[in-house]
Amino acid sequence: MKGRNLLAMLLLVAVLITACAPAAPEEPAEPPAVAEPTTAAEPAATDAPVAEGWTFPTEDVTLEIWWHEYGPFTAYMEEMIPKYMEMHPNVTINATKVSSADLNQKLSAAIATGTGPDILDQDASYYVQYYEKGVLEPLNLEVWGAKSYEEVAGNYLPGGADAGTFDEKIYALPYQGNSMSLWISNKLFEDAGLDPVNDAPKTWEDMINICPKLKVVKDGVTVQKAFDFPYHSQRWQLQQFQPLTEQFGGELLSEDGKTAALNSPEAVEALKQWKRVTEACGDPKTTMNTPSNPNQDFIDGRLAMWITGPWATPQIAASEFVGEDFTVVGLPQVDPTNPRTMVYGWEWAVNADRPEINKQVAWDFIKFVLSSPEEWLAKAGFVQPVEGLLETETAKTFPFLSVHLKDVETASWYIRSGYVNEISLAVGAAIDSVVYDNADPQAALDAAQAEAENAMK
Amino acid sequence: MDLSQKKSPIQRINVPHFLKLSAPRQQKLFGYLILLPTLVIIFLFRFYPMMQAFYISMTDFDLISPPKFVGLYNFIDLLKDPLFLNSAKISLTYVVFAVVPTWIISLGLAVLFNRNIPFKNLIRSAIFMPVIMPAVVMALVWNFMYHQQGVVNVILGWLQISPIPWLRSSSTAIWAIILIGIWRASPYFMVIFLAGLQAIPEDFMDAAQIDGANSWQTFWYVTLPLLKPTTLLVVVMSIITAMKVFAVPLIMTHGGPANSTRVLPLFIYQTAFEFFDMGRASAMSIFLFAAVMIVTLFQIRIFSTGEYE
């Protein structure tokens, strides 16, 4: 018995020693939900066009690319990757799709542990924090075949490349730049005896005047809202509060993004206007919008006017109540002669902490996927803020694209700051307290400013 | 053949003298070795991260750049941070108003189901359903139920009560979240109380009845004192669970409106993974950990007073 015990002990020790033995060479941490590597087609001729003066590497290169999950976007990327690998048989691209809600956390954690992808996809507002931490590789002009960053930026609408430009170098480029324009449900307008084009509000005062005709309250319950600002997400709230503040002549952040001005007189005026519009037109207590279904009230016919981006076109056009019976007009203004709007988007960038050859090929791949703005629009529904898009055949059939692009022309990018989440939470809380709890706008924004300053100190 | 003469191969090994152990010591060592894998796992995945959190709480760490040691700065700064203090207050409100009703309801249900009532097992299973429902599913379902035209407001309408904007008002949102907490926790603690009740020997009840005690007196002077160990378990576990509430406010309100449901665990999560201030988030976690420890020790002290009297 003694002998058996001893043998068991020895076996256990052996197991433990094996378990505690030095591990095999460290594998990179497993990324979330890795898709199967897209299989390249049979090697084809390697005569893919590359920039003059740059030679495409001949050695094998494996790129990791992460993007935020969105059906049409993913489908388009999964079409482009095999095409690129067919052109360059020595390149393998592994794709990982991550929910947009988790992308920032997962990317940050992966970058921190040295397991980040070669090619990053991220909401443009977050890139400043990556830039400040040295995570981003500047655009490779040689690979791009450009002489200067100005030349690259020149292909975009004015300001279109600004969100990924830091210290006069381009670090990220947009595959979508969304304006926020006013969508009108034609049916609800016509039911109220209004014309969706001629009666569309051009100013916030127009909006307040038109709302009583569109808002329907039965037995004390709002069953149809004329218009509502968003209340399902603080980021959405900031997206609409920012242009409103700018329309009153203010800025929420200093130009260098280091100082917040959330309680400026202009911001306070904007918040007062927000409340007036909400009281006349909306009822935030009745919204069914959620972060995953932000356009739900409009789609269901409970909302006659709604501010959203061109990316919502396929979803709204496919809906039962609204369908293709909608009109899009420019964002309402305080002063239509001095319009201010907002653009936000998602951009590609390259991880600086990767081998040189990977970085070159990564920029070449980005150049390749961005080279067909018309296809992006047709297949993913994304508007690249580039010159000449409006003249393409696809653009001519895309509903109200000219309106969206016109709003981009007068837009500022969604605020770029390493503290964008803190600022959006603070502004969202201020808006909520004014709208829901009747708080004083100045006091609410003073509290938001204190929160932002505390975060940014 | 004399088997006793045959030597085991083990016995032929020349074990050095200092490794020769007596039988009880060998057994003891065997026990420790059996425990070792579990202890290693607990250390690696529980205690090491906890110790790491203590270290990170004394750094300025954004997850990407290397951590910078800042001593107790995060702790001192938190005590002046109105958002942190507000979150701590909301968590305290949640704990007090979710936990106390949970004790009463779960004990009441346990007493009820300890008796012979018709369809006892069926009703007990139905009541237990919220416990097995995933928090995400539950939060989404309640989201619809709390809507302006949702089932809760429809029922209130039958009682001639105007619709309440449950999740869309900073004055009601926390109560909506608390109600879900009570609804979810009560059946779980009911089962624990029920196990405690069923462990009480019938003799005590019979003796009390012979002495002339009525039902209430039997419950108050016999059942409840004998339930003390179970009650301690329920009190400690329910408070710890309530202090860690996270998924429901995250999914249903994301801390809003106007920060009214931003409980401490949610604020810790936001600070760590939305603001990327790991040092500050770890410092908050240490505060939460300390609060849970103090409350738990205090409860154990209270419940152990007079235990042997």
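Note that the structure is a prediction, hence the values are computed from the model and not measured.

What follows covers the overall build of chain A. Of the regular secondary structure elements, chain A holds 18 helices and 14 strands. Here the contacts in chain A between residues at least 6 apart in sequence split such that 75% fall between residues at least 24 apart.

Moving on to the environment of A:Gly71. Residue and element names in this part refer to chain A. Topologically, Gly 71 is positioned in helix α2 (residues 71-87). Classification of Gly 71 as exposed rests on a count of 10 C-beta atoms within 10 Å. Measuring from C-alpha to C-alpha, the distance between Gly 71 and Ala 380 comes to 8.3 Å, with 309 residues separating the pair along the chain.

Now for the domain arrangement of chain A. Residue and element names in this part refer to chain A. According to the domain assignment, chain A contains domain 1 (61-177 + 345-397) and domain 2 (181-343 + 410-456). Measuring from the centre of the C-alpha atoms in domain 1 to the corresponding centre in domain 2 gives 29 Å. Across the contact, 16 residues belong to domain 1 and 13 residues belong to domain 2. For the side of domain 1 that touches domain 2, the secondary structure elements donating two or more residues are α4 (127-132) and β7 (172-179). Top element by residues in the side of domain 1 that touches domain 2 is α4. It accounts for three residues. Within the side of domain 1 that touches domain 2, the residues separate by chemical class into eight nonpolar, six polar and two charged.

Our next topic: the interface of chain B and chain A. The interface is formed by 30 residues belonging to chain B together with 33 residues belonging to chain A. Every element with two or more residues in the side of chain B that touches chain A is listed here: α1 (9-12) and α2 (23-56) of chain B. No other element matches the six residues that α2(B) contributes to the side of chain B that touches chain A. Split by residue class, the side of chain B that touches chain A holds 16 nonpolar, 11 polar and three charged.

Once that is clear, we can look at the packing of helix α9 (residues 234-247) of chain A against helix α17 (residues 420-437) of chain A. Residues and elements named next belong to chain A. The geometry of α9 relative to α17 is characterised by a closest axis approach of 8 Å and an angle of 80° between their N-to-C directions. When the interaxial angle is binned, α9 and α17 end up roughly perpendicular. Residues Gln 234, Arg 235, Gln 237, Leu 238 and Phe 241 of α9 pack against Ile 423, Ser 424, Leu 425, Val 427, Gly 428 and Ile 431 of α17. Here the residues of the contact of α9 with α17 are counted per class, giving six nonpolar, four polar and one charged.

For the rest of this paragraph, the subject is the pairing of strand β1 (residues 61-68) of chain A. Residues and elements named next belong to chain A. The element β1 is extensively covered by neighbouring structure, given that six of its eight residues are classed as buried. As paired elements, β1 and strand β2 (residues 91-98) share eight bridges and run parallel to each other. By the bridge assignment, Ile 65 is partnered in β2 with Ala 95. For the crossover that starts at β1, traverses α2 and ends in the parallel β2, the hand is right-handed.

For chain A, per-residue confidence averages 87 on the pLDDT scale, and residues scoring 70 or more make up 89% of the total. For the stretch residues 1-46 of chain A, pLDDT sits under 50, and the model shows 51 contacts to residues farther than four places along the chain or on other chains.

Take the confidence of the model for chain B next. Taken as a whole, chain B shows an average pLDDT of 89; of its residues, 93% reach a score of 70 or greater. Scored as a whole, the predicted complex attains pTM 0.80, and scored at its interfaces, ipTM 0.75.

A few words now on unusual backbone geometry. Residue and element names in this part refer to chain B. The omega angle of the peptide bond from Gly 256 to Pro 257 is -10°, so this bond is cis rather than trans. Within the chain, Phe 276 stands out as a residue other than glycine whose phi angle is a positive 55°. Within the secondary structure layout, Phe 276 lies in the loop between α13 (264-273) and α14 (278-304).

Next up on the list: the nonpolar core. All names here are of chain A. The biggest cluster of nonpolar side chains holds 178 residues, and the ones touching the most others in it are Tyr 127, Ala 430 and Ala 448. A domain split of this core shows at least three residues from each of domain 1 (61-177 + 345-397) and domain 2 (181-343 + 410-456). Setting aside residues up to four positions removed in sequence, Ala 448 forms contacts with Leu 262, Asn 263, Ala 426, Val 427, Ala 429 and Ala 430.

An ideal rise of 1.5 Å per residue puts 21 Å on 15 residues; helix α13 (residues 356-370) of chain A measures up with 21 Å between its terminal C-alpha atoms. Within the sequence span of α13(A), burial applies to A:Asn358, A:Lys359, A:Gln360, A:Val361, A:Ala362, A:Trp363, A:Asp364, A:Phe365, A:Ile366 and A:Lys367.

This part takes up helix α14 (residues 373-380) of chain A. Residues and elements named next belong to chain A. Residues of α14 that are buried: Pro 373, Trp 376, Leu 377 and Ala 380. What you see down the axis of α14 is that its buried residues fit within an arc of 110°, all on one side. Among the structural elements, α2, β7 and α15 (393-397) are those in contact with the buried residues of α14. One or two positions beyond α14, positive phi appears at Gly 381, with a value near 75°.

What counts and how
Residues numbered from 1 in each chain as written. Chains lettered and ligands numbered in written order. Predicted model: local features only at pLDDT ≥ 70, side-chain atom pairs only at ≥ 80, totals over all residues. Helix = DSSP H or I, 4+ residues; strand = E, 2+ residues; numbered from the N terminus. Contact = placed C-beta atoms within 7 Å. Buried ≥ 20, exposed ≤ 12 C-beta atoms within 10 Å, placed from the backbone. Domains from an automatic or database assignment. Nonpolar A, V, L, I, M, F, W, Y, C, P; charged D, E, K, R; others polar. Axes fitted to C-alpha atoms, helices over the stretch in contact; angles between N-to-C directions. Parallel < 35°, antiparallel > 145°, perpendicular 65-115°, else oblique. Pairing = 2+ DSSP bridges. Right-handed = clockwise from strand over helix to strand, strands pointing away. pLDDT = per-residue confidence, 0-100. Core = buried A, V, L, I, M, F, W, Y, C linked by C-beta atoms within 7 Å. Expected span 1.5 Å × (residues − 1). Arc of directions from axis to C-beta.

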